[in-house]
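# Remarks on the overall topology
One letter stands for each residue in the lines below.
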Amino acid sequence: MAAGMCNDEPDPTGSLKSFGAVVKVFRERAKLTQKQLATMVQFSLQTVASIEQGRRLPPPEFIDRAEKVLDAFGVLRAMAKHLARQPGLASWFRQWAGLEEQAVTVCTYECRVIPGLLQTEAYIRAVVLSVPPLPSEEQVEDRVASRLARQQLLYRTPPIAFSFIFEQTLLERQTGGVEVTGELIDNLLRCAELPNVDLQVMPLHQPEHAGHDGSLQVLETQSHHWLGYTEGSRHHQLISDPKEVSVMLQRYAKMRSQALSPEESVNLLKQMRGAL
């Protein structure tokens with residue numbers, strides 16, 4: 001099964017509307033009006049209405065009180081973890097980001113930009129400002145903050161096993177300039193030292209390349225199921241069909257054999273850093 005959307009702007013309303021709809025279902029199940037619920041959770045009627053309509057992020061106190069008052073079986077608390085008013089994360093990416101947070105293994109191949117978990121602040125800014133339409137200053141700051149916050153996944157306990165493959169040309173391009181590229185390579189070398197990270201560079205000259213279909217990601221859940229994810233400039237797909245995911249895993253395995261080894265990749269990065 002694959003699902004796709006065509007919206008690449010940060011948009012919190014989808015997950016908020018889902019949460020609000022569930023609150024309404026539980027409220028009606030309890031045979032309460034919005035006014036009665038507002039009194040019981042000690043929030044205004046306007047606040048309750050806005051939450052049910054998906055126009056407002058529910059405060060933590062509302063979630064806790066509504067969970068108890070509506071006897072919601074933990075559903076509201078569970079949904080609240082994925083509410084995403086997560087600045088800077090495009091709405092279509094949030095579902096994958098949530099899965100990533102709970103993953104056992106994450107494998108990423110990138111041919112467009114250095115993977116987000118490995119980016120530096122300066123590189124993030126350079127990438128964001130390179131793609132029209134030009135975002136506002138607030139949008140830039142939101143995206144930078146969100147991407148940097150996600151990088152804590154590299155240090156999660158228990159650790160996630162990460163494998164990254166990216167194209168050498170992404171560094172040769174020198175997005176943001178020489179200084180930004182040097183800082184980026186330094187960060188890649190630091191990340192390569194992490195015990196849970198395998199970092200591989202796909203060299204410029206590689207006649208056989210299994211990644212011609214573009215960037216891809218696959219992850220292993222805590223229940224040891226594999227899911228896949230692909231994205232383009234205006235679309236994305238979360239893939240759960242075992243046959244489709246198997247194809248993605250085969251392609252990724254082939255690319256791991258075609259890319260430079262982790263040790264060779266580190267040596268190349270050091271050479272490139274010295275040549276700047």
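Preceding block: the structure.
To keep things clear, this report deals only with the structure shown in the data block. (Residues numbered from 1 in each chain as written. Predicted model: local features only at pLDDT ≥ 70, side-chain atom pairs only at ≥ 80, totals over all residues. Heavy atoms only, no water.)

A few words on the overall build of the protein. Of regular secondary structure, the protein possesses 12 helices and 7 strands. When the 276 residues of the protein are sorted by exposure, 46% land in the buried category. Long-range pairs, those at least 24 residues apart, make up 74% of the contacts in the protein with a sequence separation of at least 6. Put simply, the protein shows about 14400 Å² of open surface, and 54% of that area lies on carbon and sulfur atoms. (Helix = DSSP H or I, 4+ residues; strand = E, 2+ residues; numbered from the N terminus. Buried < 20%, exposed > 50% of the residue type's maximum accessible area, 1.4 Å probe, protein only. Contact = heavy atoms within 4.5 Å. Areas by Shrake-Rupley, 256 points an atom, 1.4 Å probe, with all protein chains shown as cover.)

Right, let's talk about empty space enclosed by the protein for a bit. As enumerated under the stated definition, the model contains 1 cavity of 30 Å³ or more in all. The calculated volume of the largest cavity comes to roughly 50 Å³. Surrounding the largest cavity, Thr-108, Tyr-109, Glu-110, Arg-112, Ser-215, Leu-216, Gln-217, Tyr-229, Thr-230 and Glu-231 form its lining. Sorting the residues of the lining of the largest cavity by element identifies strand E2 (105-110), strand E5 (216-220) and strand E6 (226-231) as the ones contributing at least two each. Considering only residue class, the lining of the largest cavity consists of 3 nonpolar, 4 polar and 3 charged. (1 Å grid on protein atoms, 1.4 Å probe; cavity = no way out; pocket = protein on both sides within 12 Å on 5 of 7 lines; lining within 4 Å. Points joined across faces, edges and corners; volume = space filled by probe spheres on them. Nonpolar A, V, L, I, M, F, W, Y, C, P; charged D, E, K, R; others polar.)

Any link to function would need more than the numbers given here.
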